[in-house]
Amino acid sequence: MALNVAIIGAGFGGLCMAIQLRKAGVTSYTIFEKAERLGGTWRDNTYPGAACDVPSHLYSYSFEQGHDWSRRYPRQPEILAYLDRCAGKYGVHRRLRLGAEVTAAVFDEAAGRWRVTTADGEHGPFDVVVSGVGQLNRPRLPDIPGLGEFEGTSFHSARWDHGHDLAGRRVAVIGNGSSAAQFIPRVAPVVARLDVYQRTPSWVIPKPDGAYGPGLRAAFRHLPPLRSANRRRVNRFIESVVYPALVDGWSRPLMTRRATEHLRKQVPDPALRARLTPAYPIGCKRIVLDDDYYPALTRPNVEVVTDPITRVTRHGIETAGGTLREVDTIIFATGFLTTDFLAPIEVVGRGGRRLGEAWKDGAEAYLGMAVPGFPNLFLLYGPNTNLGHNSIILMIEAQVRYIMGCLPLLGAHGPMEVRPAAMDAWRRALEGALARTVWQADCASWYKNAAGRVTNNWPGPAAAYRRITRSPRPGSFTFG
Ligand code: N01
């Protein structure tokens, strides 16, 4: 196949795409990566304690399960090493352009091909563009008055300042999602004082983590069927026990009880416990899996501040009522610009149509991958394909398989563009399914855009998505 493919981003998605192209014998592809290193979110998030809350054997490519994982839940350095090894093994690092941030992708209608722009000029033409930029790649800084006046050190959790020694300092953390829950237990013991600014409490459940013993590790290493069986077991558990909690199924009360018990056991002080008890149903926001977060909050040098922040001053943070807590360092654990998807890349499709304009009411794509008016553009981990319960790699692999199935079609018949009718039907089905999920409940989360529309999550089990994306339906597309 002599197709030329541009891949944007060298995280789990972009690398998976490159590897499958390579396996299919396609060598005419380029991976454009804005950073100086591959790895995506696992390159960016180096904060102390950074780890995944999906078990190791499931948080890996199905075709590359041979990694000798050291523990049940993988930590950031090991995941990054895994990605390096995969890129090296399949030789895709040779097609990687580092420090090449894509600023625009424009479809040339006359040629039926795409051109991609980076700081060093235009590249292409490409038959196909595959975006692998993910949903969690641009840190979100809060819009708090006075932020620019702070004279101490401040940084975002995904841009951890490793040169800044926190020992003995007075530190404020803003935010208490999965990132904060992981680094707070590492930071609390070394700082003089830690103020955790919590706007909304998270539901937290135990994380059955631990290092694999040498025996089990050797067994996994030498017995591939055991590895696969473990992967299947974990997947089955997550899909049949965790997923139903997100759609008001049988396990919701069970999960709520588990989280409430966890809080009761780990936080003896009833006043603190009350402040840490969420008032929204479990799963509405991303559930935090952690055993060390609550104990860290009970330390004498840690305060959970729930008064709303009114402003940042030169020396600290002021809350409603006028209390000023002076600090040396502010760490923003305030999440990511998740609903912007490909922004700020200027994507221009047929007839000069801009993706930002097409998505002005919220990002959407057929199967999360294809957008009417943008022929031969495919999105990995695009709108409504995030999971609230399972490994995102399952979704990415399904998408890559689907795109691989599209290549012969577009190779034979010309640029393929999803029909608006297919998009409409997809939207209707999605809306119906989303209406039954817990994400619609009254909570703010990164799954929703400013208008409250759930633009990020897939409402079904991962298996259902994999089923419907098994192969493309040519009738959903126009060609040429
Ligand atoms: O970000 P978040 P994250 N003033 O968006 C608060 C994945 N991940 O980086 O809830 C005060 O979840 C905000 O408060 P509220 C995982 O999918 C996975 O922690 O909006 N507070 C919230 O507490 C995860 O969900 C792993 O009221 C403000 C926090 O900041 C996703 O990445 C580990 C504020 C943001 O939480 C993102 O997690 C890490 C303001 N102005 C990340 N603005 C694992 O696998 C925001 N907040 C374990």
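Per an unreviewed UniProt entry, the protein goes by Cation diffusion facilitator CzcD-associated flavoprotein CzcO and derives from Sphaerisporangium krabiense. Here is the UniProt Sequence similarities (unreviewed entry) comment for the protein, exactly as written: "Belongs to the FAD-binding monooxygenase family."

**Quick look at the pattern of salt bridges**
Enumeration according to the criterion identifies 27 salt bridges in this entry. Here Arg-221 and Asp-68 are joined by a salt bridge, their closest N and O atoms 3.3 Å apart. Of the two residues, Arg-221 is situated in helix H5 (residues 214-222) and Asp-68 in the loop between helix H2 (41-44) and helix H3 (76-89); the sequence distance between them amounts to 153 residues. Classification of Asp-68 by relative accessible area gives partly exposed; the value is 25%. With its nearest N and O atoms 2.9 Å apart, the salt bridge here joins Arg-427 to Asp-424. Taken together, the positions of Arg-427 and Asp-424, both in helix H12 (residues 420-434) and three residues apart, correspond to about one turn of that helix.

**Comments concerning unusual backbone geometry**
The residue after Gly-124, namely Pro-125, is reached through a cis peptide bond having omega 5°. Within the element layout of this structure, Pro-125 appears in strand E6 (residues 121-126). Pro-344 follows Ala-343 through a cis peptide bond whose omega is 5°. Structurally, the position occupied by Pro-344 is in the loop between strand E17 (329-332) and strand E18 (346-348). Despite not being glycine, Tyr-381 shows a phi value in the positive range, around 50°.

**Focus on the packing of aromatic side chains**
Summed over all chains, the structure comprises 22 aromatic pairs. Considering the side-chain rings of Tyr-366 and Phe-477, the 5.9 Å spacing of their centres and the 80° angle between planes classify their relative orientation as edge-to-face. On the criterion of sequence distance, the pair formed by Tyr-366 in the loop between helix H10 (355-358) and strand E19 (377-379) and Phe-477 in strand E21 (residues 477-479) is long-range, its members being 111 residues apart. Comparing Tyr-366 with Phe-477, the two get one shared label, buried. Both rings, one in Trp-458 and one in Tyr-465, keep their centres 5.3 Å apart while their planes meet at 70°; by these two values the pair is edge-to-face. Comparing Trp-458 with Tyr-465 shows no difference in burial state: the two are buried. Members of the aromatic cluster, each reached through a chain of ring pairs, are Phe-12, Trp-42, Tyr-59, Tyr-61, Phe-63, Trp-69, Tyr-82 and Tyr-90. Over the ring of Tyr-29 we find Arg-95; its NZ or CZ atom is 5.8 Å from the centre of that ring.

Rules used throughout
- Residues numbered from 1 in each chain as written.
- Predicted model: local features only at pLDDT ≥ 70, side-chain atom pairs only at ≥ 80, totals over all residues.
- Heavy atoms only, no water.
- UniProt positions renumbered as here; feature names shortened; annotations may be inferred.
- Salt bridge = Lys/Arg side-chain N within 4 Å of Asp/Glu carboxyl O.
- Helix = DSSP H or I, 4+ residues; strand = E, 2+ residues; numbered from the N terminus.
- Buried < 20%, exposed > 50% of the residue type's maximum accessible area, 1.4 Å probe, protein only.
- Phe/Tyr/Trp six-rings, centres within 6.5 Å; stacked < 30°, edge-to-face > 60°.
- Lys NZ or Arg CZ within 6 Å of the ring centre and 35° of its normal.

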